[in-house]
Amino acid sequence: MADVTLLYFASLRERAGVDSETVSTAAADLAGVYDEAQARHGFSWPRGHLRVAMDGEFARWDDVPKAGSEIAFIPPVSGG
Amino acid sequence: MADVTLLYFASLRERAGVDSETVSTAAADLAGVYDEAQARHGFSWPRGHLRVAMDGEFARWDDVPKAGSEIAFIPPVSGG
Amino acid sequence: MAGFLLSDLPLDIASLRAQVLDRRAGGYASFEGWVRDHHAGRAVDGLDYEAYATLAEREGERVIAEAKARFDVIEACCAHRVGTLAIGDLAVWVGVSAAHRGAAFDACRYIIDETKRRVPIWKREHYREGDADWLHPMAEEA
Amino acid sequence: MAGFLLSDLPLDIASLRAQVLDRRAGGYASFEGWVRDHHAGRAVDGLDYEAYATLAEREGERVIAEAKARFDVIEACCAHRVGTLAIGDLAVWVGVSAAHRGAAFDACRYIIDETKRRVPIWKREHYREGDADWLHPMAEEA
C-alpha cells in the first residue's frame, strides 16, 4: 500500500467535490489509481481521454505510484 | 504636346535633384515619357524594373499621358 | 526572464512587450486571446481559468524552448491569466522578436497552438442564461 | 476608421490596438517592424522612410480590403512611419482581430507581406561608416 495525494482539476474537481485527497492505494500502476478514483467519485471520463502526471511531470499510465507522490489526472485542456 | 508633372521618389529623386518637374512631352505613351526623363537625368533604372502611376493610380506603360496629369515612376519599394 | 507565466492579475501588455524588445530584432509578432461574448452559439458573460500551476509552468517553458530551437527567434514569451475574467479581458498573450518576420510569425503561432493543446489550463464558461461549463475539448475538436 | 495610415509621428500602439478591439473577437494578431541595428552585414544607425503618400494610402487600403475579403477577420489596420527613425523605433504596425486565431494570423501576415511588396514607400539606410543608401530590392530578393 502506498499513500499518495490525488489532485483534481476543472470538471474532475467539481465531480470529486475536493481539489485533492490523500489515499492509500494497492494499485500496481497509475491506471489502477485512476480506476479506484473513478469508482469512488463516479467520474465519467474514460481513462483514454485523460493524461496523468506524477510529482509535477507527465507520467505514463503504467508507471508505479510512488509513496508520498502527488498524482494528477489531466482532462482535455482548454487554455488560450 | 502635353504638359505633365513628373514625380520622383527615393533614388530617382536624388538623381534628378528635384522631387517634381513640369515638362512638355510629345511621347505617345508613359514608356516614352520615362525614356525622355531617363535621357534627361541619366537614370540607371531600366524601365522594366519600375512601375508607373498617373494621377495617383498605378498605370500601364502603354497608357497615353494626359495633359495636366501627375506621372510618377516607382522604383522597387522597401517599406516595412 | 521567465518564458511562460501564469498570472492572477490583468496582463500588462506594455511591460510584457518590453521583455522581448531587442536592438537586433527587425520583426515582432504577437498574439492576444480575448474573452469573446459567444462560443458555440451561446452568449457568454465571462469565464474562469484554472491551471495545474506546477505542470503548466513547466510545460509552458518547454513550449517556449521548442519554439526557440525550431525557429530563428531572438526572444519569446507567453503569459496566461488564471482566475475570473470578463468579456474583452486578455486571457493569453504571446510575443516573439526575431531578425526576420517569418520566424517571428511561425514561432508565435507555434507557441499559442502548443499552449492550447498541451498546457494544463482549463476554461469554465459562464453563459448568459445562468449556467456554466468546463470546456474539455477532445483533441480532434480543440 | 482608416485601414492604412502613414504617420510623421511615432506610432502609438495602444491607440492603434484599441481601434481593432471588438467584443466578438477571440483572437488578435499583430506585427511590428522595428529599425534594426544591422542590415546585409552593415551596421545601421538609423533610416528615413519616404512615401508617395497618395498612392501609398490607396494601395494600403486595397491591401487591407483584400485581407478582409480573403480571411474571416473582424477588423484590420496597418500604420507606417515616414521620416527619420532611430534604431529600435517602430517603422510599421499591423493589427488584426478575428473570432479565431488562424484568420487573425493569416490576415496579419498577408497585410505585412503585401505592404512590403506593393505599397510605394522607400527606406534609406544610414550606415555607421557615414554613407547612406536607398533600398530598392528587386522583387526576387525583397
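Residues numbered from 1 in each chain as written. Chains lettered and ligands numbered in written order. Predicted model: local features only at pLDDT ≥ 70, side-chain atom pairs only at ≥ 80, totals over all residues. Heavy atoms only, no water.

A. Summary view of the environment of G26 of chain D. You can see G26 of chain D is positioned in the loop between α1 (13–20) and β2 (27–34). Each C-alpha atom, one on G26 of chain D and one on R101 of chain D, is 7.3 Å from the other, the two residues being 75 residues apart in sequence. Contact partners of G26 of chain D, with chain neighbours within four places excluded, come to E32, G33, W34 and R36 of chain C together with A98 and A99 of chain D. (Helix = DSSP H or I, 4+ residues; strand = E, 2+ residues; numbered from the N terminus. Contact = heavy atoms within 4.5 Å.)

B. Representation of the packing of helix α2 (residues 53–70) of chain D against helix α3 (residues 101–118) of chain D in the model. All names here are of chain D. Close contact between α2 and α3 brings their axes to 9 Å; oriented N to C, the two are set at 150°. One way to sum up the angle between α2 and α3 is to call them roughly antiparallel. Crossing hand, α2 versus α3: right-handed. Of the residues in α3, those touching α2 at E59, R62, V63, I64, E66, A67 and R70 are A107, Y110, I111, E114, T115 and R118. (Axes fitted to C-alpha atoms, helices over the stretch in contact; angles between N-to-C directions. Parallel < 35°, antiparallel > 145°, perpendicular 65-115°, else oblique. Left-handed = near helix turned anticlockwise from the far one by under 90°.)

C. Summary view of the sheet that holds strand β3 (residues 51–54) of chain A. Residues and elements named next belong to chain A. Ordered in space as β2-β1-β5-β3-β4, the five strands form an open sheet in which the pairing is mixed. The open sheet has two edge strands, β2 (20–25) and β4 (57–59), and neither has a second partner. Within this sheet the neighbouring strands show an average axis-to-axis angle of 35°, counted without direction. In the sheet, strand β1 (residues 2–7) pairs with strand β5 (residues 70–74) via three bridges, with the strands oriented parallel. Looking at the pairing, T5 lines up with E70 of β5. (Pairing = 2+ DSSP bridges.)

D. Structural view of the interface of chain C and chain A. On the side of chain A, 24 residues touch chain C, which itself brings 25 residues to the contact. For chain C, the biggest contributors to the area lost against chain A are Y52, W122 and H136 of chain C; these three give 29% of the whole. At the junction of chain C and chain A, the tally comes to four salt bridges. E14 of chain A serves as the salt-bridge partner of R124 of chain C, at 3.4 Å between the closest nitrogen and oxygen. Applying the counting criterion to the chain C and chain A interface returns 18 residue pairs in polar contact (both at pLDDT 80 or more). Of all the secondary-structure elements, those providing two or more residues to the side of chain C that touches chain A are β4 (42–51), α2 (53–70), α3 (101–118), β8 (121–127) and β9 (132–135) of chain C. Looking at the side of chain C that touches chain A element by element, the count peaks at five residues for α2 of chain C. Here the residues of the side of chain C that touches chain A are counted per class, giving 13 nonpolar, three polar and nine charged. (Buried area = accessible area lost by both parts, 1.4 Å probe. Salt bridge = Lys/Arg side-chain N within 4 Å of Asp/Glu carboxyl O. Polar contact = N/O pair within 3.5 Å; in protein donor to acceptor, adjacent residues only side chain to side chain. Nonpolar A, V, L, I, M, F, W, Y, C, P; charged D, E, K, R; others polar.)

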